[in-house]
Amino acid sequence: MKKINKIKQIVIMAFFSTTLLSFGQINTTKIEELPYIEVIGMAEKEVIPDEIFIRIVIVEKYVDKVKISIEEQEEKLKNAVKSLDIDLSNLYLSDVNADYVTVRWKKKDVLTKKEYTLKVKNAIELGRMFQELEKLEITDAFISKVNHSKIDSLRKEVRILAIKAAKDKADYLLTAIGEQTGKPLIITENPQTIFGSEIQVMASRNVVSSLKKVYDNKETEIQFQKIKLTSSIYVKFSIK
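Computed from a prediction, not measured in an experiment: that's the story for all the values here.

Caption draft 1: Broad picture of the overall build of the protein. The helix and strand inventory of the protein stands at 5 helices and 10 strands. A total of 240 residues make up the protein; the buried ones form 31% of that total. In the form shown here, the protein has an accessible surface area of approximately 16,300 Å², with 55% of it arising from carbon and sulfur atoms.

Right, here's the structure in full:
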């Protein structure tokens, strides 16, 4: 009797295992056979940078055999920044771990230099600042990069526009054949999406003279290349 009961248990377990396996195969098959549409939505946005970073190098120097110290030039630079109503918090050392850098000058003397970064918000401030640098006879200055203060929210906006574009595309394609868009099954952002968060603009170190020419010609504004943000999103929708 015990052997018969064990045989019955084995038969019952085998039956349930086969049933569950068959049910799983039916569900998988149904999912795989669902009609679907695959589309790619794209969006692009261009914005004018509102953060322009100027690299300024102050070097200890001699004028008529009189040494002009770093501290003296630094104070004049700060006054120039304040005169343009630019917050001094936007002026900071480029490398906080290297306050001073020594530079050999001639054979016997050793001069020092400091590198600063100044952030301005537009081309007008940029031009005025370079005019002040020219007055201070600071010629080692250049634009290191440009950015936008709301770059993260702009990235989100472009992504949303891209996925909406994918949905719109699926809608009008399916409407053309009398069908309707169902739920999204797969959403993937293209890894080649471009979000130029910090567009590098390495300009000539002779920016002071070039900007002076612009202002001498009474130009009102210097044009910057816009920051381009693009997003590409793949979406697989079911068809109702």
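What follows picks up the thread again.
Caption draft 2: The arrangement of the sheet that holds strand S1 (residues 36-47) in detail. With antiparallel pairing, 3 strands are arranged side by side in an open sheet as S1-S10-S9. What marks the edges here is a single partner per strand, and that holds for S1 and strand S9 (181-189). Between one strand and the next, the sheet's axes are offset by a mean angle of 30°, whatever the strand orientation. The strands touched by helix H4 (residues 151-175) are S1, S9 and strand S10 (227-239); relative to S1, the strand with the most contacts, the crossing angle is about 145°.

Caption draft 3: Spatial organisation of helix H3 (residues 123-135). Its 13 residues give H3 an end-to-end C-alpha distance of 19 Å, which sits within 8% of 18 Å, the value for a rise of 1.5 Å per residue. Along H3, the positions that sit buried rather than exposed are Ala 123, Glu 125, Leu 126, Gly 127, Met 129, Phe 130, Glu 132 and Leu 133. Looking at the residues trailing H3, positive phi occurs at Glu 137, about 60°.

Caption draft 4: Summary view of the confidence of the model for the protein. Looking at the protein, pLDDT values average 77 and 66% of them are 70 or higher. Averaged over each element, pLDDT in the protein is lowest for helix H5 (residues 207-216) (47) and highest for H4 (96).

Caption draft 5: Structural view of the pairing of strand S8 (residues 141-147). With 6 of 7 residues buried, S8 is to be regarded as a mostly interior element. Looking at chain direction, strand S2 (residues 51-59) and S8 are connected through 6 bridges and run antiparallel. Counterpart to Arg 55 in the pairing with S8 is Phe 142.

Caption draft 6: Here's a closer look at the environment of Glu 115. Here Glu 115 is to be found in strand S7 (residues 109-120). Judged by relative accessible area, which is 27%, Glu 115 ranks as partly exposed. When the C-alpha atoms of Glu 115 and Tyr 92 are compared, they prove to be 8.7 Å apart, with 23 residues separating the residues in sequence. Not counting residues up to four positions away in its chain, the partners in contact with Glu 115 are Arg 55, Ile 56, Val 57, Tyr 92, Leu 93 and Ser 94. Within polar-contact distance, the side chain of Glu 115 engages the side chain of Arg 55 at 3.2 Å.

Caption draft 7: Highlighting the packing of helix H2 (residues 70-83) against H3. Running from N to C, H2 and H3 cross one another at 150°; their axes reach a closest spacing of 10 Å. With respect to H3, the axis of H2 lies roughly antiparallel. Handedness of the H2/H3 crossing: right-handed. For the pair H2 and H3, the contacting residues are Leu 77, Ala 80, Val 81 and Ser 83 in the first and Met 129, Glu 132 and Leu 133 in the second. Residue composition of the contact of H2 with H3, grouped by class: 5 nonpolar, 1 polar and 1 charged.

Caption draft 8: Inspection of the pattern of salt bridges at higher detail. For the structure on display, the rule yields 10 salt bridges. Of the charged contacts, one joins Arg 55 and Glu 115 as a salt bridge, the two residues approaching to 3.2 Å between their closest N and O atoms. Placement of Arg 55 in strand S2 and of Glu 115 in strand S7 is noted, with a sequence separation of 60 residues between them. Glu 189 is paired through a salt bridge with Arg 159; the nearest N and O atoms lie 3.0 Å apart. Here Glu 189, found in strand S9, pairs with Arg 159, found in helix H4; they are 30 residues apart in sequence, far enough to count as distant. For Glu 189, a relative accessible area of 31% translates into the label partly exposed. Salt bridges linked by common partners bring Arg 55, Lys 113 and Glu 115 together as one network.

Caption draft 9: Here's a closer look at the packing of aromatic side chains. Tallied over the full model, the rule gives 0 aromatic pairs. Residue placement shows Lys 236 over the ring face of Tyr 36; its charged tip is 4.0 Å from the ring centre.

Conventions adopted
- Residues numbered from 1 in each chain as written.
- Predicted model: local features only at pLDDT ≥ 70, side-chain atom pairs only at ≥ 80, totals over all residues.
- Heavy atoms only, no water.
- Helix = DSSP H or I, 4+ residues; strand = E, 2+ residues; numbered from the N terminus.
- Buried < 20%, exposed > 50% of the residue type's maximum accessible area, 1.4 Å probe, protein only.
- Areas by Shrake-Rupley, 256 points an atom, 1.4 Å probe, with all protein chains shown as cover.
- Pairing = 2+ DSSP bridges.
- Axes fitted to C-alpha atoms, helices over the stretch in contact; angles between N-to-C directions.
- Contact = heavy atoms within 4.5 Å.
- Expected span 1.5 Å × (residues − 1).
- pLDDT = per-residue confidence, 0-100.
- Polar contact = N/O pair within 3.5 Å; in protein donor to acceptor, adjacent residues only side chain to side chain.
- Parallel < 35°, antiparallel > 145°, perpendicular 65-115°, else oblique.
- Left-handed = near helix turned anticlockwise from the far one by under 90°.
- Nonpolar A, V, L, I, M, F, W, Y, C, P; charged D, E, K, R; others polar.
- Salt bridge = Lys/Arg side-chain N within 4 Å of Asp/Glu carboxyl O.
- Phe/Tyr/Trp six-rings, centres within 6.5 Å; stacked < 30°, edge-to-face > 60°.
- Lys NZ or Arg CZ within 6 Å of the ring centre and 35° of its normal.

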